[in-house]
Structure formats: C-alpha cells, structure tokens
Amino acid sequence: TYVVTENCIKCKYQDCVEVCPVDCFYEGDNFLVIHPDECIDCGVCEPECPAEAIIPDTEPNLDNWLEINRKFAEVWPNITRKGDAPADADEWNGKTGKTEMLSE
Ligand code: SF4
Ligand code: F3S
C-alpha cells in the first residue's frame, strides 16, 4: 500500500484523489488517508502530491503512519473529487512538527 504522511497535514492539496483508480482516499478535516486494504499499489498518486506526502510502505519507518492511515480510513468519509486546498496550504508545505496538528 501507499501511505499518506505528515506533510499532507494542513496542505491537503487533494490532487491525489483525482487519479486513484479505486477511490481509496478518506478525508479528515486537515489530512487525507489511504485505506491500506483497498489500495492496489498502482503508484499513480505518489507523483501527483505537491507536498510529496505519499510514500510506498516499502520505505522504512512508516509503521506509525500506516497505523494512522488504517485507523482513520475506517471512520472518515470517502473522497473522490478534488476540493479546494486550504488557502494557506503553501505556507505549511514542508513545515515540520505537523503531526500533533492532525485533526481527528
Ligand atoms: Fe490509489 Fe494507486 Fe495511490 Fe493506492 S497507489 S492510493 S490505488 S492511486
Ligand atoms: Fe495530501 Fe498530497 Fe493528497 S497534500 S491531500 S496527499 S495531494
């Protein structure tokens, strides 16, 4: 599976959802997640993300983010169309310490 990671928080550009062939993105207030059991590993979303927040789970040290994606994919609504990114998305792109700002 591919995993949405920290830099999506407060950026939430949503370019990823438009390209997913199986519509496995789920939307929170300031973050999106991928349902790990629905993702078919096609990889097309990865280069679409302007925040480079989507990473294959073959990369090391992603257990925590995989768990977060799984947890919220079970409770957040599905998203298949790109909405407006936050007005200040570009200001948050690349900032560190965003994990604690994730809205549940
Ligand atoms: Fe969807 Fe493919 Fe991205 Fe998985 S890797 S979330 S199937 S676009
Ligand atoms: Fe987030 Fe990147 Fe998608 S910022 S909403 S993972 S395009």
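Residues numbered from 1 in each chain as written. Chains lettered and ligands numbered in written order. Predicted model: local features only at pLDDT ≥ 70, side-chain atom pairs only at ≥ 80, totals over all residues.

1. Topic: the nonpolar core
In this structure, Val4, Cys8, Cys16, Phe25, Leu32, Val33 and Ile34 are the most contacted members of the largest nonpolar core, which totals 28 residues. Those elements that place two or more of their residues in this core are β1 (2–4), α1 (15–19), β2 (25–27), β3 (32–34) and α2 (63–73). Other than its neighbours up to four places away in sequence, Cys8 contacts Phe31, Leu32, Ala51 and Ala53. (Core = buried A, V, L, I, M, F, W, Y, C linked by C-beta atoms within 7 Å. Buried ≥ 20, exposed ≤ 12 C-beta atoms within 10 Å, placed from the backbone. Helix = DSSP H or I, 4+ residues; strand = E, 2+ residues; numbered from the N terminus. Contact = placed C-beta atoms within 7 Å.)

2. Describing the site of ligand 1
Near ligand 1, the surroundings consist of 13 residues, among which Tyr2, Cys20, Cys39, Cys42 and Cys45 are the closest. In terms of residue class, the shell around ligand 1 is made up of 11 nonpolar, 1 polar and 1 charged. (Near = placed C-beta within 6 Å. Nonpolar A, V, L, I, M, F, W, Y, C, P; charged D, E, K, R; others polar.)

3. What to know about the site of ligand 2
Residues in contact with ligand 2 amount to 14 residues; listed here are only the nearest, Cys8, Tyr13, Cys16, Cys49 and Ala51. Taken together, the residues of the shell around ligand 2 sort by class into 10 nonpolar, 1 polar and 3 charged.

4. Observations concerning the confidence of the model for the chain
Averaged over every residue, the pLDDT of the chain is 98; the share at 70 or more is 100%. Two summary scores accompany this predicted model of the complex, namely pTM at 0.97 and ipTM at 0.98. (pLDDT = per-residue confidence, 0-100.)

5. Things to note about the environment of Val44
Mapped onto the secondary structure, Val44 falls in the loop between β3 and β4 (54–56). C-alpha of Val44 to C-alpha of Gly94: the two residues are 50 residues apart in sequence and 21 Å apart in space.

6. Let's talk about unusual backbone geometry
Within the chain, Lys10 stands out as a residue other than glycine whose phi angle is a positive 65°. Structurally, the position occupied by Lys10 is in the loop between β1 and α1. For Asp41, which is not a glycine, the phi torsion comes out positive at approximately 65°. If you trace the backbone, Asp41 turns up in the loop between β3 and β4.

7. A look at α2
Where α2 is concerned, the buried positions are Trp65, Ile68, Asn69, Phe72 and Ala73. Each buried residue of α2 sits inside an arc of 120° when the element is viewed along its axis, so together they form one side. Facing away from the buried side of α2 by over 90 degrees, the exposed positions are Asp63, Asn64, Glu67 and Lys71. Packed against the buried residues of α2 are β1, β2 and β3. (Arc of directions from axis to C-beta.)

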